[in-house]
Amino acid sequence: MNSPALGATPVDQPAPPTAAPTAGSTAPPTAAPTAGSIAPPTAAPGAARPPGWWRDERGEPVRRNLGLVVVLIALLGIGAATRPDIFLDADRLGPNLFSILKQASAIGVVTVGMTFVIISGGIDLSVGGVIALAGVWSTTVATQSFGVAGVVFTALVVGLGAGLVNGALVAYGRLVPFIATLAMFVAARGLAARISGKQTQTVDVAAVNDIATARILGVPVLVWILAAVVLLGWGLLNRTTFGRRTVALGGNAEAARLAGIRIRPHTMLLYGVSGVCCGVGALMLTAQATSAQAAMADMYELDAIAAAIIGGTLLTGGRGTIVGSLLGVLVFSTITNLFAVNNLPTEVQNMVKGGIIVAAVLVQQFPFGRLRRRGPTG
């Protein structure tokens, strides 16, 4: 008998035992179910569906932002109850709402830059000092001699330079962001006082002062500037690789480095963005006051951080939205307006703000995801 060729498969040899079960044997678990057997739970028609985007992590920013909208509506309701002559009067309501938006404009611009820094896992305590330095430097007699272009250019360059110094100290000097930016805060305030001689510098350029009073389509220019910065910040964070790298850096810096992200240059740019926002904020505050001084923008760093936290930005980094930060700014500005129109003391206002900050942090730490997993999924 001729043996089959080496490597060939015999055609008259029975199939191996694993090819098919013998008569009367039970099919293996991976085989198709036999007649009368129960289908796996995932294939049953009545099985629970996985939660949609609204209930999982993708819907978390939307839920938080809607919650802030509800808070704003409640604050307006409080205003209608306490001062109906303002909040229920059509002639006075519009100007009062524009007053809230104008009050929120400068701190809103600064909060946009702060949001980028916090999402990356950092912090910027220098924004108040940088605003003062940019405002004073841009309103010196020598700078104002170049007109509106000289004032705007100086404010933006000073803000950018201070931000890049912060970024260099954090990224290349390996300083803790808290220490690096706190040092910049102190140094910037001191330099602003030295440049101004501890005096208030009046703005003589009419085009700069007009920023606070001019309107476009009935809306103050300050509000248009805030809207433009928010839109640019939103697009930068959500529609560019710069934004995705920022979130990745805040989520896990080591994983971001292993993924090829250049951590140090990116960190410098983030603080540079915050510095530019401080320069824009300095111009807005200078226009509103028609002057600049070393004590301007007091406590702005804490207000910006608080607004970002209220908006859902994690202090540990890795999560945050520009829209949420804007809503946080509007919440604080509305509270300030309510206290002002009701002639309530500033001390009570600060206590209320502190309570809101603590409540926002506690809400961020609450395990909502665990409750959603325990709840019904149908």
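For clarity, every value in this text was computed on a predicted model and none was experimentally measured.

### Description of the overall build of the chain
And step 1. Across its full length, the chain carries 16 helices and four strands.
And step 2. Buried residues in the chain amount to 41% of all 378 residues.
And step 3. Within the structure as shown, the chain displays about 20500 Å² of accessible surface, and the carbon and sulfur contribution to it stands at 67%.

### Here we look at unusual backbone geometry
And step 1. Within the chain, Met299 stands out as a residue other than glycine whose phi angle is a positive 65°.
And step 2. Secondary-structure assignment places Met299 in the loop between β4 (291–292) and α13 (300–310).
And step 3. Taking relative accessible area as the criterion, Met299 reaches 40% and is therefore assigned partly exposed.
And step 4. The backbone of Asn343 shows a phi angle near 55°, a positive value even though the residue is not glycine.

### What to know about the packing of aromatic side chains
And step 1. Following the criterion strictly, the structure yields one aromatic pair and no others.
And step 2. Both rings, one in Phe116 and one in Phe242, keep their centres 6.4 Å apart while their planes meet at 50°; by these two values the pair is tilted. With Phe116 in helix α3 (residues 90–119) and Phe242 in helix α10 (residues 241–251), the pair connects residues that are 126 residues apart, well separated along the chain.
And step 3. We classify Phe116 as buried; its relative accessible area is 2%.
And step 4. The ring of Phe98 is capped by Arg215, whose NZ or CZ atom sits 5.2 Å from the centre of that ring.

### A closer look at the nonpolar core
And step 1. Counting 72 residues, the largest nonpolar core has Val109, Phe116, Ile131, Leu285, Tyr300 and Ile305 as its most contacted members.
And step 2. In this structure, Val109 is in contact with Leu226, Val229, Cys277, Val280, Gly281 and Met284, ignoring residues within four places of it in sequence.
And step 3. Val151, Val205, Val208 and Leu283 belong to the second largest nonpolar core, which has six residues in total.

### A closer look at the packing of α3 against helix α9 (residues 221–238)
And step 1. Where α3 contacts α9, the two axes come as close as 8 Å, and the packing angle between them is 15°. By the criterion of interaxial angle, the relationship of α3 to α9 is roughly parallel. By crossing handedness, the relation of α3 to α9 is classed as left-handed. From α3, Leu101, Lys102, Ala104, Ser105, Gly108, Val109, Val112, Phe116 and Ile119 reach across to α9, where they touch Leu222, Val223, Leu226, Val229, Val230, Gly233, Leu236 and Leu237.
And step 2. For the contact of α3 with α9, a count of residues per class yields 13 nonpolar, three polar and one charged.

### Regarding helix α7 (residues 177–196)
And step 1. Over its 20 residues, α7 runs 28 Å from end to end, which matches the ideal 28 Å to within 8%, given 1.5 Å per residue.
And step 2. Looking at α7, one finds that the buried residues are Pro177, Ala180, Thr181, Met184, Ala188, Arg189, Ala192, Ala193 and Ser196.
And step 3. Check the buried side of α7 and you find it contacts α4 (127–138), α6 (147–171), β1 (201–202) and α12 (263–289).
And step 4. Phi for Gly197, located one or two positions after α7, is positive at around 65°.

### Comments concerning a nonpolar patch on the surface
And step 1. Together, Val176, Phe178, Ile179, Leu182 and Val186 give the surface a local cluster of nonpolar side chains, amounting to about 450 Å² of exposed area.
And step 2. Positionally, Phe178 belongs in helix α7.

### With respect to the confidence of the model for the chain
And step 1. Summary statistics for the chain give a mean pLDDT of 84 and a share of 80% for residues scoring 70 or more.
And step 2. Note on residues 1–13: pLDDT under 50 across the span, and zero contacts to partners over four residues away in sequence or across chains.

### Quick word on the environment of Val221
And step 1. Assignment of secondary structure puts Val221 in helix α9.
And step 2. Using a relative accessible area of 17% as the deciding quantity, one classes Val221 as buried.
And step 3. Between the C-alpha atom of Val221 and that of Ser105, which follows or precedes it by 116 residues, the distance is 9.8 Å.
And step 4. Not counting residues within four places of it along the chain, the set of residues in contact with Val221 comprises Ile211, Ala214, Arg215 and Ile216.

### Remarks on the side chain of Arg83
And step 1. Note that Arg83 resides in the loop between α1 (60–82) and α2 (84–87).
And step 2. Polar side-chain contacts of Arg83 include one of 2.8 Å to the side chain of Asp85.
And step 3. The contacts of Arg83, once residues within four sequence positions are left out, are Arg92, Val341 and Asn342.

### Some words on the pattern of salt bridges
And step 1. Considering all chains together, one arrives at three salt bridges under this definition.
And step 2. Here Asp85 makes a salt bridge to Arg83, at a shortest N to O gap of 2.8 Å.
And step 3. Between Asp85 and Arg92 there is a salt bridge; the shortest N-O distance is 3.4 Å.
And step 4. By relative accessible area, Arg92 is classed as partly exposed at 39%.
And step 5. One salt-bridge network, in which partners are shared between bridges, spans Arg83, Asp85 and Arg92.

### Remarks on α6
And step 1. Its 25 residues place the ends of α6 36 Å apart at the C-alpha level, agreeing with the 36 Å of an ideal helix rising 1.5 Å per residue.
And step 2. What α6 keeps buried is the set Gly150, Val151, Thr154, Ala155, Val158, Gly159, Ala162, Gly163, Asn166, Gly167, Val170 and Ala171.

Cut-off values and rules
- Residues numbered from 1 in each chain as written.
- Predicted model: local features only at pLDDT ≥ 70, side-chain atom pairs only at ≥ 80, totals over all residues.
- Heavy atoms only, no water.
- Helix = DSSP H or I, 4+ residues; strand = E, 2+ residues; numbered from the N terminus.
- Buried < 20%, exposed > 50% of the residue type's maximum accessible area, 1.4 Å probe, protein only.
- Areas by Shrake-Rupley, 256 points an atom, 1.4 Å probe, with all protein chains shown as cover.
- Phe/Tyr/Trp six-rings, centres within 6.5 Å; stacked < 30°, edge-to-face > 60°.
- Lys NZ or Arg CZ within 6 Å of the ring centre and 35° of its normal.
- Core = buried A, V, L, I, M, F, W, Y, C linked by side-chain atoms within 4.5 Å.
- Contact = heavy atoms within 4.5 Å.
- Axes fitted to C-alpha atoms, helices over the stretch in contact; angles between N-to-C directions.
- Parallel < 35°, antiparallel > 145°, perpendicular 65-115°, else oblique.
- Left-handed = near helix turned anticlockwise from the far one by under 90°.
- Nonpolar A, V, L, I, M, F, W, Y, C, P; charged D, E, K, R; others polar.
- Expected span 1.5 Å × (residues − 1).
- Patch = residues over 30% accessible without salt bridge, like charges linked within 9 Å, V, L, I, M, F, W, Y side chains within 5 Å.
- Salt bridge = Lys/Arg side-chain N within 4 Å of Asp/Glu carboxyl O.
- pLDDT = per-residue confidence, 0-100.
- Polar contact = N/O pair within 3.5 Å; in protein donor to acceptor, adjacent residues only side chain to side chain.

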